[in-house]
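Chains, contacts and geometry: an overview
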Amino acid sequence: MPFFWNRREAELRNEFAHHLHHLRAEYERQGYSREEAERMARREFGAIARTEEQCRDERRWAWMTGLRQDIVYGVRMMRRTPAVTLAAVLSLALGIGANTAVVSLMDLVLWRDLPVPNPQQLTLVHWQGHGFPRDLTDGASGSMDKAGAWDVADFFSYAAYREMRRSAARLASVAAYSFADDVSITFAGRPMVAKAQPVSGNFLSTLEVRPQVGRLLSDSDDVSGAPAVVVLSHRFWAHVLGSDPSVVGRPITIDNELFVIAGVLEPAFYGLAPGDDTDLYTALHHAAFLHSRFQLGREIFENNRYWGLQLLARRASGVSAAHLLPAVDTAFRASWAQQPKNGATAPRIRLDEGRRGLDFLRDQFRNSLLVLGGLVTLLLAIACVNVANLLLARAVARSSELAMRISLGCSRARLLRQLLTESALLAVIGGALSIAVAWLTATLLGGFLAGDRTVPIGFILDARTTGIAAAVTISALMVFGLFPAWHSSRRLDASWLQQRAGSTGLLARRGWSSGQIFAVFQMALSVVLVMTAVIFTRNLMAIQSSDPGFDRRNLILFNVRPGTSGYDKARLTPFYFNLEQRLASVPGVSGVGLASMRPMNIGGWWQEVRLSGRQDHYPVSANGISPSYLDLYTRRLVAGRNFTRADEREKSTVAIISEDLARKLGGDRVLGRTIAMADGPPGAKLPEYEVIGIAPVIAATSIKERPYALWLPFWPAGAQEATVVLRTSAPPRAVLPGIQKAMSEIDRNLPMVDTMTMEEQISKGLQRERMFATLCNAFGTLALVLSVVGLYGVVSYGASRRRADIGVRLALGARPGNVIAMILRQGLAMAVPGVLLGVPVVWLGGKYLQKELTNMKPVDPTTLLLAPGILLLAAVLATLFPAVRASALDPAETLRQE
Amino acid sequence: MAKKADLLQGTLDLLILQTVGGGPIHGYGIAQRILVTSKELLQVQQGSLYPALHRLERKGLLKAEWRETGNGPMGKFYSLTAAGRTCLREEKEQWQRYAGAVAMVLDS
């Protein structure tokens with residue numbers, strides 16, 4: 001460019017020099033001296049610099065002035081048809097906004113790197129093998145998943161961590177952590193419950209996270225005997241402690257042990273996965289609950305048969321995963337208690353990509369996000385088609401203007417540019433508005449992702465998100481802008497004036513116009529979205545109204561955690577007995593029960609059981625319950641007896657099983673027989689229970705499933721925490737204050753955790769289904785509105801072009817009813833093929849939808865009738881209005897106009 | 001005021017197109033020829049002439065090439081493009097209609 005610019009400048013100077021040369025020659029010819037002639041020439045020419053600048057302006061701003069003209073003209077055109085503009089801008093804003101939100105969320109969950117320096121150096125350390133290595137480990141905490149022929153697991157002993165860290169020190173920094181757990185904390189006299197994650201001293205420095213205030217953990221914090229310190233997540237610091245920097249150095253009680261706040265993490269770090277809701281990070285050696293999880297105490301640091309830590313590593317720069325693998329693998333083997341007999345099937349290390357952190361959210365939400373992504377893409381397509389259709393109709397209305405411009409010498413390219421500028425304007429305004437839409441959608445989506453977890457994922461409106469919005473906008477512009485522009489500029493040639501006569505003439509046009517094809521296409525897309533909405537709404541309704549096997553009204557539940565608030569084993573038993581009695585005496589409370597696992601909270605304590613002497617085993621959801629617990633749900637047992645206080649105190653090995661499990665095991669005859677856990681550490685005696693009762697089937701873990709239930713006696717002395725469930729004889733809200741008062745009388749410092757009614761608990765477990773249904777409904781409604789607007793536009797445009805035709809028919813004696821029927825027929829001629837095209841698409845996508853559904857087929861007769869029914873009804877309504885208007889035409893007037 | 005300027009600009013463009021229509025000619029030549037053919041009534045200032053030339057060139061109505069002019073420096077010679085010729089014809093017609101109409105009104 002500089003070269004080009006310089007040449008232009010040189011040319012400009014030369015051109016002026018040439019002019020001056022002639023002027024001077026002229027004056028010289030008139031007899032002036034050379035100097036005088038030079039002076040006069042210059043004077044006559046005037047200010048050279050200014051003229052130069054004016055010439056430059058003519059060039060430099062050429063394209064800009066052109067653009068300005070285009071924009072001014074475009075804005076004027078948009079203002080002339082405000083309804084069209086508004087419809088177009090809104091369509092785009094909604095379409096683009098929904099896409100931006102979903103794509104940002106996909107980005108956050110599926111693609112985004114952890115917000116730490118050089119995330120590509122991070123590696124997740126896993127091992128793969130065949131099944132659980134019983135010869136090497138007695139207990140584990142972590143996850144094990146099938147990956148092809150292998151089982152891939154993420155749990156290691158402390159010895160393995162120590163060994164790997166030592167031997168791979170030159171190649172990588174290896175850090176350990178365990179999953180976060182609820183802890184009871186007291187800060188500044190305020191009791192609350194938070195989520196704490198035990199991490200090795202080098203965990204945060206391995207990730208290279210920086211502190212916002214204070215300092216982070218170091219290796220010297222993670223040794224026994226070191227002062228106990230804790231690092232706070234930024235979210236916890238901001239939301240719970242009000243971003244107070246002076247909290248650093250102050251004491252905080254965690255599970256009854258005294259800690260000092262060392263520092264706060266930087267805000268960008270959200271943990272090892274988006275949606276991570278960890279509040280506190282403590283060193284492994286100070287995580288009391290980590291030890292109690294294995295009921296092992298400090299032993300976890302010495303016993304290499306307990307595999308309960310997860311590992312990650314940051315490779316030194318230049319070190320590949322393949323390079324690191326042998327060192328880690330050797331260290332892993334060296335850490336085992338014994339070498340396995342069969343070396344071929346022994347676990348071996350595998351290093352997985354760690355740049356995006358842990359992938360549980362990715363696995364959990366990939367399908368949901370793909371379905372949502374598909375839906376919003378369809379929505380955007382509908383919006384684009386709508387805008388294209390509107391622009392097309394407007395272009396036709398502007399034909400005479402455009403033809404005039406062409407005949408005045410405006411080039412086709414210039415006209416195309418003008419039309420494209422107009423659609424770009426629409427896209428830019430729509431794109432800007434879309435950010436608001438995106439924000440709203442993402443807030444909804446954040447709740448969706450959080451699901452039954454407690455924290456919403458913040459929507460991050462940053463350069464990346466805005467970039468996504470811009471990309472979506474530009475692709476939308478390509479789709480909806482180019483076609484109408486190309487289409488209308490193509491139509492405009494010299495013969496346009498001749499065509500004009502035909503277009504409003506008496507003959508109905510044959511074949512399909514692009515507008516009509518668009519409308520069919522739109523209908524097809526809409527039917528997909530509406531059907532999806534119907535499917536997910538029905539799914540939600542079916543789940544919500546399904547019978548849990550008990551009366552879900554008038555039940556309250558909350559958790560207590562006395563074990564972490566200073567109660568030792570000796571005090572726990574009287575505490576729980578007293579709690580039950582005291583709460584039972586609260587007015588309005590008709591029953592109280594305790595359970596070791598919270599009901600309806602998804603998941604539970606899963607076991608495989610079998611009848612002694614039989615090999616067939618069954619998965620059960622087990623729970624420890626107090627004697628009065630089952631009475632809260634069901635009037636009486638099917639057979640046998642309930643637990644007693646004595647069972648509780650003595651930790652009797654008795655069990656109550658659900659009726660469906662009893663049926664599997666031989667009906668009533670199972671009473672008095674022994675069932676055993678089918679699985680446990682080798683050599684250890686598997687726990688056995690005498691079946692004393694058979695209970696009716698109730699939904700215990702979630703309203704979505706009915707697993708076989710195994711009820712065991714609640715053992716108060718061993719229960720660090722428990723869920724209290726109360727049945728009330730009055731509305732729960734009215735009884736709750738009395739319960740709270742009673743609780744504070746029992747122990748003022750013991751918080752009631754997650755207090756809610758059973759109905760709230762059930763619906764909390766359905767958040768994902770509800771969000772999905774809400775979003776699909778929103779998308780479906782939008783799609784419906786957009787395509788109805790589209791259809792209405794096409795039909796009323798068609799009707800307005802056939803005014804003369806209709807006028808003649810009316811003049812010849814056609815009744816208004818005939819005209820209405822005729823136009824309705826035309827509308828349906830677009831709607832019906834659209835619907836027929838769309839339904840198979842849903843069928844094809846059924847595989848993806850199925851994964852999001854509980855106990856339901858994606859496409860069943862009801863859905864098949866309902867969704868197309870809604871669309872056809874909407875189509876009839878959209879067509880009816882222009883039809884009635886056309887039928888009310890005054891024939892005389894229309895004919896006069898021709 | 002703005003209207004008057006537009007009119008002047010349009011008129012200047014027309015005069016330039018007409019003059020260039022006679023064959024390749026440089027800026028000085030255009031100014032001289034307009035002066036001569038208008039019997040010294042219309043003097044085109046260089047300050048308006050050159051921006052106008054560059055504008056017309058940019059619009060694709062004029063094209064230019066550099067040529068030797070015998071003695072002295074190279075000159076930039078302008079000539080009409082096809083579009084320029086069309087434009088000249090239209091503008092001329094329009095101007096004549098306009099001038100005729102004004103004349104009719106003034107003579108009535």
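Residues numbered from 1 in each chain as written. Chains lettered and ligands numbered in written order. Predicted model: local features only at pLDDT ≥ 70, side-chain atom pairs only at ≥ 80, totals over all residues.

Below, the discussion takes up the overall build of chain B. Within chain B, the regular secondary structure consists of four helices and three strands. In sequence order, chain B lays out its α and β elements as α-β-α-α-β-β-α. Considering chain B as a whole, with its 108 residues, one finds that 30% of them fall into the buried category. If you take every contact in chain B between residues at least 6 apart in sequence, the share linking residues at least 24 apart comes to 46%. (Helix = DSSP H or I, 4+ residues; strand = E, 2+ residues; numbered from the N terminus. Buried ≥ 20, exposed ≤ 12 C-beta atoms within 10 Å, placed from the backbone. Contact = placed C-beta atoms within 7 Å.)

Moving on to the overall build of chain A. What chain A contains, in helices and strands, is 27 helices and 26 strands. Taking all 898 residues of chain A together, 43% fall into the buried category. Intrachain contacts of chain A at a sequence separation of at least 6 include 82% that bridge at least 24 residues.

All names here are of chain A. By size, the foremost hydrophobic cluster in this structure holds 155 residues, and its most contacted members are Leu379, Val724 and Phe779. Ranked by the residues each element gives to this core, the list is headed by helix H11 (residues 360–397), at 20 residues. For Phe779, the contacting residues outside a window of four places in its chain are Ala98, Leu375, Val376, Leu379, Leu529 and Ala533. Counting residues in each nonpolar core, the second largest holds 66 residues, with Leu122, Val199, Ala262 and Tyr270 among its members. (Core = buried A, V, L, I, M, F, W, Y, C linked by C-beta atoms within 7 Å.)

Here we take up the packing of helix H25 (residues 816–850) of chain A against helix H26 (residues 861–887) of chain A. All names here are of chain A. Where H25 meets H26, the axes come as close as 8 Å, and the angle between the chain directions of the two elements is 150°. With respect to their mutual orientation, H25 and H26 come out roughly antiparallel. Crossing hand, H25 versus H26: right-handed. Across the contact of H25 with H26, the residue classes tally to 20 nonpolar, three polar and no charged. (Axes fitted to C-alpha atoms, helices over the stretch in contact; angles between N-to-C directions. Parallel < 35°, antiparallel > 145°, perpendicular 65-115°, else oblique. Left-handed = near helix turned anticlockwise from the far one by under 90°. Nonpolar A, V, L, I, M, F, W, Y, C, P; charged D, E, K, R; others polar.)

Turning to the interface of chain B and chain A, a few remarks are in order. Taken together, the contact between chain B and chain A spans 19 residues of the former and 18 residues of the latter. It is helix H3 (residues 46–58) of chain B that provides the largest number of residues to the side of chain B that touches chain A, a total of seven residues. When the residues that make up the side of chain B that touches chain A are grouped by side-chain class, the tally is seven nonpolar, nine polar and three charged.

Here the focus is the confidence of the model for chain B. With 89% of its residues at a pLDDT of 70 or more, chain B has an overall mean of 82. Under a pLDDT of 50 for its full length, residues 1–7 of chain B has, in the predicted model, zero contacts with residues more than four places off or in other chains. (pLDDT = per-residue confidence, 0-100.)

Attention now moves to unusual backbone geometry. Residues and elements named next belong to chain A. Notably, Ala188 is not glycine yet its phi reads approximately 50°, a positive angle. For Ala188, the location among the structural elements is in the loop between strand E7 (181–187) and strand E8 (190–199). By the C-beta count within 10 Å, which is 10 here, Ala188 ends up exposed. The phi angle at Ser243 is positive, at roughly 50°, despite the residue not being glycine. Checked against the element boundaries, Ser243 lands in the loop between helix H8 (234–239) and strand E11 (251–254).

All names here are of chain A. For Val785, the location among the structural elements is in helix H23 (residues 767–801). Take Val785: there are 18 C-beta atoms within 10 Å of it, and that puts it in the partly exposed class. Expressed as a C-alpha distance, the spacing of Val785 and Ala878, which sit 93 residues apart in the sequence, is 9.8 Å.

Moving on: the sheet that holds strand E2 (residues 62–67) of chain B. By way of backbone hydrogen bonds, the strands of a sheet pair with one another, either parallel or antiparallel. Residues and elements named next belong to chain B. Spatial ordering of the open sheet is given by E1-E3-E2, a layout of three strands whose pairing is antiparallel. Where the open sheet ends on each side, the last strands, each with one partner, are strand E1 (25–26) and E2. Relative to strand E3 (residues 75–80), E2 runs antiparallel, the two being bridged by six bridges. Each bridged residue has a counterpart across the sheet, and for Trp66 the counterpart in E3 is Lys76. (Pairing = 2+ DSSP bridges.)

A few words now on the pairing of E3 of chain B. Where a strand is regular, its side chains alternate between the two sheet faces. Summarising the sheet, E1 of chain B and E3 of chain B pair through two bridges and their orientation is antiparallel. Bridge pairing in E3 of chain B links His26 of chain B to Phe77 of chain B.

With that settled, the discussion passes to the confidence of the model for chain A. Residues and elements named next belong to chain A. The predicted model of chain A averages 82 in pLDDT, with 88% of residues at 70 or higher. Long-range and interchain partners of residues 451–457, a stretch whose pLDDT sits below 50, account for 21 contacts in this model, where long-range means more than four residues apart. Note that residues 494–510 has pLDDT below 50 and, in this model, 10 contacts with residues that lie over four places away or in other chains.

Let's shift gears to the pairing of strand E3 (residues 144–147) of chain A. Residues and elements named next belong to chain A. Of the pairings in the sheet, the one linking E3 to strand E4 (residues 150–153) comprises four bridges and is antiparallel in character. Note on E4: the bridge partner recorded for Met144 is Ala153. What sits between the antiparallel neighbours E3 and E4 is a turn of two residues, in which Gly148 has the positive phi angle 65°.

Moving on: the packing of H23 of chain A against H25 of chain A. Residues and elements named next belong to chain A. Where H23 meets H25, the closest approach of the two axes is 10 Å, and the angle between their N-to-C directions is 140°. Between H23 and H25, the interaxial angle falls into the category oblique. Between H23 and H25 the crossing geometry is right-handed. Residue-level inspection shows Leu791, Val794, Val795, Gly798 and Ala799 of H23 in contact with H25, the latter providing Ile823, Gln826, Gly827, Met830 and Ala831. Here the contact of H23 with H25 is composed, by residue class, of seven nonpolar, three polar and no charged.

End to end, helix H16 (residues 514–544) of chain A covers 45 Å across 31 residues, agreeing with the expected 45 Å (1.5 Å per residue, within 8%). Most of H16 of chain A is tucked away, with 25 of its 31 residues classed as buried. (Expected span 1.5 Å × (residues − 1).)

Once that is clear, we can look at the environment of Ser143 of chain A. Along the polypeptide, Ser143 of chain A turns up in the loop between strand E2 (139–140) and E3. In this structure, Ser143 of chain A is in contact with Ala153 and Asp154 of chain A, ignoring residues within four places of it in sequence.

What follows is about the environment of Val20 of chain B. Residue and element names in this part refer to chain B. For Val20, the position within the fold is in helix H1 (residues 2–20). According to the C-beta neighbour criterion, Val20 is buried, with 26 such atoms within 10 Å. Remark: the alpha-carbon pair of Val20 and Gly84, spanning 64 residues in sequence, is separated by 9.7 Å. The residues touching Val20, leaving out its near neighbours within four places in the chain, are Ile25, Ile30, Leu62, Tyr78, Ser79 and Leu80.

Given 3.6 residues to a turn, an α-helix orients residues that are three or four positions apart in the same direction. Look at H23 of chain A: 50 Å from first C-alpha to last across 35 residues, which is about the 51 Å you get at 1.5 Å a residue. In terms of burial, H23 of chain A is a largely internal element, 26 of the 35 residues being buried.

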